[in-house]
Structures are given as C-alpha cells and as structure tokens.
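Residue strings, one per chain:
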Amino acid sequence: MEPKGIYVTGLAPAAEAELLTSLRDLRLARVDEAPARVDDATRTPLAVVGLNGNPDGAFATVARLSASGARVAVVGPAKDPDLILRAMRAGAREYAVVGDAARLQQAVRSLARTDGAAAAGQVLAVFPAKGGMGATTLAANLAADLVRGGDRTCLVDLDLQLGDVNAFLDVHGGYTITDVVANMRRLDRELLDASVQAHRSGVHVLAQEERLEEAEHLDAAAVEKLIAFLRQHYQHLVLDGLRGFDERSLGALDAADRVVLVVTQEVPAVRNAQRCVELFRKLGYPDAKLAIVVNRCLRSSNITPEVIAETLGVPVTATVANDFAAASRAVQRGSTILEEAPRSALSRDVSTLARKLSGADQDRRRPGMLRRMFARR
C-alpha cells in the first residue's frame, strides 16, 4: 500500500512530531510542499494547518489547500466559534485546539477515512403502513434508546409542513432542515451541535418547524445530500415524517440502511403494509432492508404477528407492546417512555428493537469513554 501524503504547517515541532508518531499505523508520508493543483492532492490528500498567531495567512493557506482537493484540519488557540466558522468557510473539515493532541489525532484519522473507508452512521427510516400507527412515538423513543447506548443520534422529521417530532419532545428553536442544507459546507460537528436542538435525553432533533415556505425548495436531491452529511456526524439517523411515496420520501427511503415498516393488528394496516412491501421490492429493496414492526401488539388479537408475516411474506422483526397510558403521558410531558415508564413492557420492547436494528451486542450498554463524551455534546 502506497503511503498517504500529509502536509503540516504552523505547528510547534514537538506537536508535529507527536502527531506523526501517533499516526504511524496510517502510513503517512510527511511532505514539505503543499499541493497546488487538484492532481497533486492525490499524492498529498491530508493537511494540518496551525493558526500560529497569523490567522489571515493560515486561512489563506487552508483555502488554497482545499481548492487543490486536500482534506484539511485546522489547529487554533481556542474553541472559538468565530475561528471555527472561518476555518470551515475556508474549506477545512476538522478543527482542534492547540495542546489537545488526542483531538488532533482523531481529526486526522477522520480525514484519512474520508477517501472511501469512512465509518458512516446508520440510517433508519420509520415508515407507517397508514396514518395512526404510532410511528412518531416509536421513532422518538427508538432514537432515545440508541442514545442511551452511547451513540450520537439525530431524529429528523421529514414531514416539512406538519411534522410532529418537535411537539412530541417539546423541543423548539434551533436550526431548521433548510438551515442545515444551506450551510452544510461550513458546519463541522462543533457548529452542528451548537445549532441543532437537543432533547434532555441526548437526542438531537432536526425539523422544519418555522419558515415552512422554504421547504418548497427542498427536493429529493437535497434530502439525500442532507442525509449523507448528517450520517458523517452521527452514529444513527432516525427518519420520521415519511407518509407516502413522493420524491422526497423516496429519496430518504433509498438512502436508508433499514426501512422500519410499522404496522398494527388491523386489516387496513396489514393490507397497506402488503402493498408497501410489494412496492419496496419493485424499487429493488432486498427483504433484508425491511424491518417489520408490529406496534401496539395485543396477544388477544386474531391477527397475530405470525399471520402478518405470512401475509407480507417477510418475517416480523419485532413487536412493541401496547401501553397507551405511558405513551400518552410521555407525549404530554415531552418525555420519552424510558423517562416515564422505564420498567414497562413498552420500554423493554423499544430497547429490544433498538438492539436488533443497530446490530448491537451486550457491550453496547457499556459505552466507551469517547462515545460517552460525544453523546453528551
């Protein structure tokens, strides 16, 4: 394997030596000259630029490097929002503070992964077979349980006119979906976290609560770009607000890793779910992409999960207990089921579903220090 080139400027010699030593496993070759053309960047794809008391000159260097195709990390004197924003506008993809060697190493490793081996987050699209399936309640609590496991999780409401997520979790303000779409080039993780509202459970929430007229300009391509951007900053995206097969919804469904098809034990719901499965197959989705969830499941119903699986021709992934009182109380208080009824069958079933969808093992309930740190941001 040919070593990747890295250009470093503006760092103290000791900091530079420590950085390169810590990244030996990446086989980075130190180069003395910055790439000036796009084809040069294939040989020098990574760069680290320290502000070193001369931010104007450093940002000009960042802009030149970015224009050549290099992926740039900036090292500044403090976690200053203005400096971070200037860095992102100049084309930097990562920002670290002088003296924080661990963060700088992490930033460079992230840049090194973006050439194809990036660890992108999982996208779960919650899709109800018909209205009134409890899909938003399920999506919100699924996101909360993923956060409980230590994973950065964003709940995105793609019903751009009449979405319910903000009301369900009593979260308001912050960036809207169209704000993020308009500013993707200059948003890094720090600015994203400062701009997107977070529920007290730790779930980040992104919706289009205000300026609804702007949503008219958000097409399927913009939705796909939004999802691609967010999955670089979160371990999990949970998409809610998908209510049909318009272009935006299809763009989101195509981008999803799993489609969580929510059905209840009612004949109209099962019939609609059957039509959905047929359409998903026509779209080329493998059955493995579908996760059939029987919500508000009652043992007394004649329409059992087994009957639903046989009708749809797809196994039922999970059942979720019916607990109207706990679910209603959570919505009224802007809470999650875990907060309101942590020992309930409903809470247990949502947690089981989260583990199945994320492919997590038992270690997921004991997150490492780094994941805990990110989850708190």
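Computed from a predicted model, the values in this text were never measured in an experiment.

Rules used throughout
- Residues numbered from 1 in each chain as written.
- Predicted model: local features only at pLDDT ≥ 70, side-chain atom pairs only at ≥ 80, totals over all residues.
- Heavy atoms only, no water.
- Pairing = 2+ DSSP bridges.
- Helix = DSSP H or I, 4+ residues; strand = E, 2+ residues; numbered from the N terminus.
- Contact = heavy atoms within 4.5 Å.
- Axes fitted to C-alpha atoms, helices over the stretch in contact; angles between N-to-C directions.
- Salt bridge = Lys/Arg side-chain N within 4 Å of Asp/Glu carboxyl O.
- Buried < 20%, exposed > 50% of the residue type's maximum accessible area, 1.4 Å probe, protein only.
- Core = buried A, V, L, I, M, F, W, Y, C linked by side-chain atoms within 4.5 Å.
- Phe/Tyr/Trp six-rings, centres within 6.5 Å; stacked < 30°, edge-to-face > 60°.
- Lys NZ or Arg CZ within 6 Å of the ring centre and 35° of its normal.

(A) Looking closely at the sheet that holds strand β13 (residues 316-321). An order of β8-β9-β7-β10-β6-β11-β12-β13 is seen for the eight strands of this open sheet, with the pairing classed as mixed. The two strands at the open ends of the sheet, each matched to only one other strand, are β8 (197-198) and β13. Relative to strand β9 (residues 204-206), β8 runs antiparallel, the two being bridged by two bridges. Paired with Q197 across the strands is V205, a residue of β9. Helix α15 (residues 345-358) rests against β6 (122-128), β10 (236-240), β11 (258-263), β12 (290-297) and β13 of the sheet, and its axis sits at about 160° to β13.

(B) Geometry of the pattern of salt bridges. In this structure the tally under the stated criterion is 13 salt bridges. Linking D56 and R86 is a salt bridge whose minimum nitrogen-to-oxygen distance equals 3.0 Å. Remark: R86 occurs in helix α3 (residues 81-90) and D56 occurs in helix α2 (residues 55-67); sequence separation between them is 30 residues. Residue classification places D56 among the exposed residues on the basis of a relative accessible area of 54%. Measuring nitrogen to oxygen at the nearest pair gives 3.1 Å for the salt bridge that ties R348 to D349. Taking the relative accessible area as the measure of exposure, D349 reaches 10% and is therefore buried.

(C) Seen up close, the nonpolar core. Counting residues in hydrophobic clusters, the biggest one holds 100 residues, and the most contacted among them are L155, L230, L239, L261 and F280. With nine residues, the top contributor of residues to this core is helix α5 (residues 135-148). Among residues more than four places away in sequence, those in contact with L261 are F127, A129, A273, C276, V277, F280, A291, I292 and V293. Counting residues in each nonpolar core, the second largest holds 17 residues, with A73, V75, L111 and A112 among its members.

(D) Molecular detail of the packing of aromatic side chains. This structure, assessed with the given rule, holds four aromatic pairs. Ring centres 5.8 Å apart and planes at 75° place the aromatic pair F127 and F280 in the edge-to-face group. Note that F127 is positioned in strand β6 and F280 in helix α11 (residues 267-282), a separation of 153 residues in sequence. F280 gets classed as buried once you look at its relative accessible area, which sits at 0%. Between F245 and F280 the ring centres are 5.9 Å apart and the planes differ by 65°, which places this aromatic pair in the edge-to-face class. With F245 in the loop between β10 and α10 (247-255) and F280 in helix α11, this pair connects stretches of sequence that are 35 residues apart. Judged by its relative accessible area of 32%, F245 is partly exposed. By the ring-pair criterion, three or more aromatic residues cluster together here, those being F127, F245, F280 and Y285. The ring of Y234 carries the charged tip of R152 above its face, separated from the ring centre by 4.7 Å.

Geometric values such as these leave the question of function open.
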